[in-house]
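Now for the letters of each chain:
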Amino acid sequence: MEFKVYNRKSLNVEKWEKLTSSGSFFHTHQWADICSEGLGHNAHSVFLTGVENSKLIIGMPAIITKRLGFKSFYSMPYGTYGEVILRKGINETQRDIFNTHLIKYLKRNRFSRIAITDYEGKFAKISEPFLSTSPAFTHIIYLNGNDKHDPPDKKINGHVRAGLKADTNEITINDKRHLNAFYKLYLITGKRHEQRKPLYSKRFFRAILDVLNESDMLHWNALMENGTMVGSCINFIHGDTLFNWQTVSDYSKRHLKPNHVLLTSSINFAIKKGIKKVNLGASPAYAHSLIDYKERWGGIRVNYDVYISDSWIRKLLRK
């Protein structure tokens, strides 16, 4: 097996799509394009691969950023999944060979920060002093082919019914006309959760529309009251999973139940598409009310690891 690193221009998209068809949305070249475009000129994507007989048998996507002279390696950014993905039939020996090349690559490039989200546990056997692990978890709703989802907490259905009776209407965001209204809600939601500064720029959300608007990988809905957006929800679709990635709302309009209406609409959309799982996304361990909310919808906790490495100077500057 030959270890090769491709940039976006040199990547064979057809081969990458074939390899990542069994992975998550966050393995796709589309997500890499969104991240590199959304993060600006200081970011670019790379695709680390294992090649055998001209076939991609193993791969890992990553975004490399450069700021103030420091290079960082993210697979993938913002804690999205970027672990090694294997072609069907690839054995553990080949995976371990790839991981050996990967470690050499990471050391050789002297990244000031490395972050790899290992959702599938592909790095379980890696023991490197420069890489530490931290636990993370998401919540998954398993639809199991049912034609309806009944949350275990019946109060959820009551909130949904109340929201559906309100004088609102749901729209699909498929162009940039509603981007300003969405971003205003995003900032409001961030302040409510005591974020010191926005994690995403408006440019990042614009990149989502630029890359995914003509595809079937995006379901971006919003709830409107008298022409004003009161809530919105971004979902990504890949394989058998809908990723409920970003939900924002105006807390002063909570009586309209925008989060409940939009999530149940997204779940119903997934059911109609034959999707088997809805991934509700990671939660901070301290966010007890958010965790409780996801579990009342029927979300089952799934644990995974994040691998982190910060250089000594990066640690010093953080203090």
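None of the values given here were measured: they were computed from a predicted structure. (Residues numbered from 1 in each chain as written. Predicted model: local features only at pLDDT ≥ 70, side-chain atom pairs only at ≥ 80, totals over all residues. Heavy atoms only, no water.)

## A short note on the nonpolar core
Residues W31, F205, I208, W220, F236 and W245 are the most contacted members of the largest nonpolar core, which totals 49 residues. By residue number, the principal contributor to this core is helix α6 (residues 202-212), which donates six residues. Excluding its chain neighbours within four sequence positions, the residues that come into contact with W220 are I171, T172, I173, L179, F182, F205, I208, L209, S232, C233 and I234. One finds M60, F111, I116 and L131 within the second-largest nonpolar core, a separate group that totals 24 residues. (Core = buried A, V, L, I, M, F, W, Y, C linked by side-chain atoms within 4.5 Å. Buried < 20%, exposed > 50% of the residue type's maximum accessible area, 1.4 Å probe, protein only. Helix = DSSP H or I, 4+ residues; strand = E, 2+ residues; numbered from the N terminus. Contact = heavy atoms within 4.5 Å.)

## Concerning the side chain of S232
With respect to the secondary-structure elements, S232 resides in strand β10 (residues 228-238). In this structure the side chain of S232 is engaged in a polar contact, spanning 2.9 Å, whose partner is the side chain of W220. (Polar contact = N/O pair within 3.5 Å; in protein donor to acceptor, adjacent residues only side chain to side chain.)

## Quick look at the pairing of strand β4 (residues 70-75)
Both strand β3 (residues 55-67) and β4 contribute to a ladder of five bridges, which runs antiparallel. Paired with R67 across the strands is F70, a residue of β4. Between β3 and the antiparallel strand that follows it, β4, lie two residues; L68 among them carries a positive phi value of about 55 degrees. In the sheet, β4 pairs with strand β6 (residues 113-118) via four bridges, with the strands oriented parallel. (Pairing = 2+ DSSP bridges.)

## Quick notes on helix α8 (residues 288-296)
Every buried residue belonging to α8 is among I291, Y293 and K294, and all of these are buried. End-on, the buried residues of α8 take up no more than an arc of 160 degrees, which puts them together on one face. For α8, the exposed residues set more than 90 degrees away from the buried face come down to H288 and S289. Those residues of α8 that are buried are in contact with β7 (132-142), α7 (258-272) and β12 (277-282). Immediately beyond the C-terminal end of α8, within one or two residues, lies G298, with a positive phi of roughly 105 degrees. (Arc of directions from axis to C-beta.)

## Observations concerning the packing of helix α5 (residues 179-192) against α6
The interhelical angle for the contact between α5 and α6, taken along N-to-C directions, is 130 degrees, at an axis separation of 10 Å. One finds that α5 runs oblique with respect to α6. Taken as a pair, α5 and α6 cross one another with a handedness that is right-handed. Touching L179, N180, F182, Y183 and Y186 of α5 are K202, F205, R206 and L209, all from α6. (Axes fitted to C-alpha atoms, helices over the stretch in contact; angles between N-to-C directions. Parallel < 35°, antiparallel > 145°, perpendicular 65-115°, else oblique. Left-handed = near helix turned anticlockwise from the far one by under 90°.)

## Some words on the pairing of β7
With nine bridges joining them, β7 and strand β13 (residues 300-310) adopt antiparallel strand pairing. Paired with P135 across the two strands is D305, which belongs to β13. Bridging between β7 and β12 involves four bridges; their strand directions are antiparallel. Each bridged residue has a counterpart across the sheet, and for I140 the counterpart in β12 is N279.

## Comments concerning the environment of I103
Within the element layout of this structure, I103 appears in helix α3 (residues 92-109). On the basis of relative accessibility, which here comes to 8%, the residue I103 falls in the buried class. Expressed as a C-alpha distance, the spacing of I103 and E128, which sit 25 residues apart in the sequence, is 8.5 Å. Contacts of I103, omitting those with residues within four sequence positions, involve I126, E128, F130 and L131.

## A short note on the packing of aromatic side chains
A complete count under the given rule lists 37 aromatic pairs for this structure. Centroid distance F73 to F111: 5.4 Å. Interplanar angle 45 degrees. Geometry classified as tilted. Of this pair, F73 sits in strand β4 while F111 sits in the loop between α3 and β6, placing them 38 residues apart in sequence. Taken individually, F73 and F111 each receive the classification buried, so the pair is uniform in this respect. Over the aromatic face of F137 sits the side chain of R301, whose NZ or CZ is 3.6 Å from the ring centroid. (Phe/Tyr/Trp six-rings, centres within 6.5 Å; stacked < 30°, edge-to-face > 60°. Lys NZ or Arg CZ within 6 Å of the ring centre and 35° of its normal.)

## Structural notes on unusual backbone geometry
With an omega of -5 degrees, the peptide bond between S75 and M76 qualifies as cis. Checked against the element boundaries, M76 lands in the loop between β4 and β5 (85-86). Of note, N53 is a non-glycine position whose phi angle comes to about 55 degrees, a positive value. Turning to its location among the elements, N53 is positioned in the loop between β2 (43-52) and β3. The exposure class assigned to N53 is exposed, which follows from its relative accessible area of 69%. Of note, L68 is a non-glycine position whose phi angle comes to about 55 degrees, a positive value.

Remember, this is a structural readout, not a statement about activity or role.
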